[in-house]
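Below, each chain spelled out in residue letters.
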Amino acid sequence: MACDVGREKLDAYLDGELAPAEAAALSAHVRACNACASDALERVRMKRAVSAAARRHEPSPQFRQKIANIAGSKPGPASSSRKWFWMLATPALLVVILSLGVNFYVNRETGRRQRIYGELADLHVATLASATPVDVVSTDRHTVKPWFQGKIPFAFNLPELQGTDFTLVGGRVTYLAQSPGAQLIYQLRKHEISVFIFQDRSTDAASFASGSMNAFSFNMSSWTQDGLRYFVVGDVNRTDIEALSKLLRDAR
Amino acid sequence: MPEHPLPAATFAELSLPLFDQLYNFACWLTQDQTEAEDLVQETYVKALRGFSSFQAGTNFRAWMYRILRNSFLSSRTGLKATVAFDEEDHELAGPPASSPENVLLDRADREMLQQALEELPVHFREILLLCEVEEMSYQEIAETLSIPPGTVMSRLFRARKALRRTLEEKLQGKNHGV
């Protein structure tokens with residue numbers, strides 16, 4: 001090469017990844033430098049050739065349909081003359097069937113959900129009313145987390161709280177629907193907040209919408225992450241519940 | 001109010017337009033049609049299951065590719081393909097390509113280029129595909145491969161170099177064969 005422009009940089013330029021000023025400078029250089037100009041041209045040709053050569057594999061229609069079904073989309077149009085009938089009738093039928101099914105499901109699930117939230121609110125209140133609310137008393141997540149080892153059948157991460165208004169008080173083992181889980185108590189100003197963590201069993205997962213809600217005058221938030229179902233319950237406002245939830249979600 | 005970022009119906013709307021590319025990518029990774037189908041299917045099942053935890057505003061495409069790639073890496077073929085891969089080992093220390101590159105491309109046809117791509121270590125193959133076929137930005141590639149953006153640039157450079165080297169070896173082999 002006749003000049004000292006790095007080829008790695010030239011690649012980045014051709015990939016459109018250089019900062020505008022750098023790109024402008026390199027562009028001016030390439031116009032003046034024969035070696036770089038021919039190299040750049042070749043690299044562009046190679047990019048195009050790879051792009052064309054690598055678009056090679058086409059899925060079969062059967063496999064496409066299979067994935068479409070998995071992704072939850074409607075099957076492809078029928079090929080017979082009844083196509084139009086089905087195109088019009090299918091949505092209407094679906095609406096009827098779905099609304100019947102959804103109503104049933106929603107009623108059943110709402111009841112179930114209410115029971116779970118009620119139970120969690122009870123656990124939260126009972127813990128706070130207890131003389132020994134936590135079995136491991138520590139503000140240090142590195143003490144609290146390992147304490148659960150061997151006591152519950154899963155592990156979880158706790159957030160670093162430095163720079164936030166939350167304090168970790170401690171934790172205890174708890175049970176929900178016969179499943180063991182972790183209950184952590186956090187403090188914010190004078191308020192106590194419970195964080196419950198359970199294994200997310202697929203049968204239960206459908207019962208909860210992720211998000212925050214108000215139940216039994218407590219604010220709650222719930223989500224699943226890495227196979228675990230989290231609940232945050234407390235009498236603080238929704239913003240604070242969300243702030244703690246976010247810290248937990250981002251915990252590494 | 002649930003904070004679910006997107007209604008469930010949109011999983012299909014978001015994911016199905018990526019189907020052809022994901023399938024193509026899976027074929028290049030596995031080099032086997034049946035395995036590629038299994039991989040794509042596994043990806044859609046996992047993504048659908050994890051869709052509630054997908055954060056709105058983050059890159060859906062990179063997320064899908066990451067799921068596919070991680071599934072591949074933990075598969076038997078993936079483990080075999082990546083075992084003991086050391087990028088530095090593939091820092092090609094040999095002499096630079098003896099023929100000017102434009103000559104190289106003039107003589108290599110599409111099939112030869114495909115064979116050369118197939119022979120590349122999977123880490124090089126995948127990054128070339130993401131950059132040239134998917135036209136992902138370095139940032140997006142970094143997200144997909146879970147590597148720093150700076151590494152994207154150097155790995156891409158190595159991958160291109162390795163591809164040119166492989167092509168050249170093929171051309172030389174062809175000449176000797178003639």
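The rules behind these values
- Residues numbered from 1 in each chain as written.
- Chains lettered and ligands numbered in written order.
- Predicted model: local features only at pLDDT ≥ 70, side-chain atom pairs only at ≥ 80, totals over all residues.
- Heavy atoms only, no water.
- Phe/Tyr/Trp six-rings, centres within 6.5 Å; stacked < 30°, edge-to-face > 60°.
- Buried < 20%, exposed > 50% of the residue type's maximum accessible area, 1.4 Å probe, protein only.
- Helix = DSSP H or I, 4+ residues; strand = E, 2+ residues; numbered from the N terminus.
- Lys NZ or Arg CZ within 6 Å of the ring centre and 35° of its normal.
- Salt bridge = Lys/Arg side-chain N within 4 Å of Asp/Glu carboxyl O.
- pLDDT = per-residue confidence, 0-100.
- Contact = heavy atoms within 4.5 Å.
- Core = buried A, V, L, I, M, F, W, Y, C linked by side-chain atoms within 4.5 Å.

**Q** How would you summarise the packing of aromatic side chains if you had to cite specific residues and measurements?
**A** Tallying each qualifying case throughout the model produces 19 aromatic pairs over all chains. Ring centres of F154(A) and F156(A) lie 6.3 Å apart, and the angle between their planes is 55°; on these two criteria the pair is classed as tilted. F156(A) shares its class with F154(A); the two are buried. Seen in terms of ring centroids, F11(B) and F51(B) are 5.2 Å apart; in terms of plane orientation they differ by 65°. Their pairing is edge-to-face. One end of the pair, F11(B), is in helix α1 (residues 10-15); the other, F51(B), is in the loop between α3 (33-50) and α4 (60-74), and 40 residues separate them in sequence. Across this residue pair, the class does not change: F11(B) and F51(B) are buried. Put simply, the rings of F63(A), F11(B), F19(B), Y23(B), Y44(B), F51(B), F54(B), F60(B) and W63(B) pair up and form one aromatic cluster. Over the ring of W147(A) we find K151(A), and its NZ or CZ is 4.3 Å from the ring centre. Lying over the aromatic face of W223(A), R249(A) brings its terminal NZ or CZ to 4.9 Å of the ring centre.

**Q** Give a detailed account of unusual backbone geometry, specifying residues and quantitative values.
**A** The general pattern is negative phi for most residues beyond glycine and trans for most peptide bonds. All names here are of chain B. One non-glycine residue, Q31, adopts positive backbone phi at about 60°. By the secondary structure assignment, Q31 is in the loop between α2 (19-30) and α3. A relative accessible area of 38% places Q31 in the partly exposed class. Even without glycine at this site, S146 takes up a positive phi of about 55°. Position of S146 among the secondary structure elements: in the loop between α9 (138-145) and α10 (149-177).

**Q** Go over the pattern of salt bridges with me, naming the residues and quoting the values.
**A** Taken as a whole and judged by the stated rule, the model has 21 salt bridges over all chains. One salt bridge in this structure joins R7(A) and D39(A), with 2.5 Å as the shortest N-O distance. Taken as a pair, R7(A) in helix α1 (residues 7-14) and D39(A) in helix α3 (residues 34-54) lie far apart in primary sequence, 32 residues in all. Residue class for R7(A) comes out buried when judged on its relative accessible area of 10%. For D39(A), a relative accessible area of 6% corresponds to the buried category. Ionic contacts of the salt-bridge type, sharing partners, join the residues R7(A), D11(A), D15(A), D39(A), R43(A), K47(A), E132(B) and R160(B) into one network.

**Q** Before we move on, can you summarise the confidence of the model for chain B with the specific residues and values?
**A** Residues and elements named next belong to chain B. For chain B, per-residue confidence averages 83 on the pLDDT scale, and residues scoring 70 or more make up 79% of the total. Ranking the elements of chain B by mean pLDDT puts helix α6 (residues 101-107) last with 65 and α2 first with 96. A low-confidence stretch, residues 93-98 stays under pLDDT 50, and its non-local contacts, those more than four residues away or across chains, total 7 contacts.

**Q** Help me get a handle on the nonpolar core, residues and values and all.
**A** Membership of the largest hydrophobic core comes to 72 residues, with the highest contact counts inside it found for V40(B), Y44(B), M64(B) and L163(B). In this structure, M64(B) is in contact with F11(B), S15(B), L18(B), L22(B), T43(B), Y44(B) and A47(B), ignoring residues within four places of it in sequence. Of all hydrophobic cores here, the second largest spans 25 residues; its members include V136(A), F166(A), I197(A) and V232(A).

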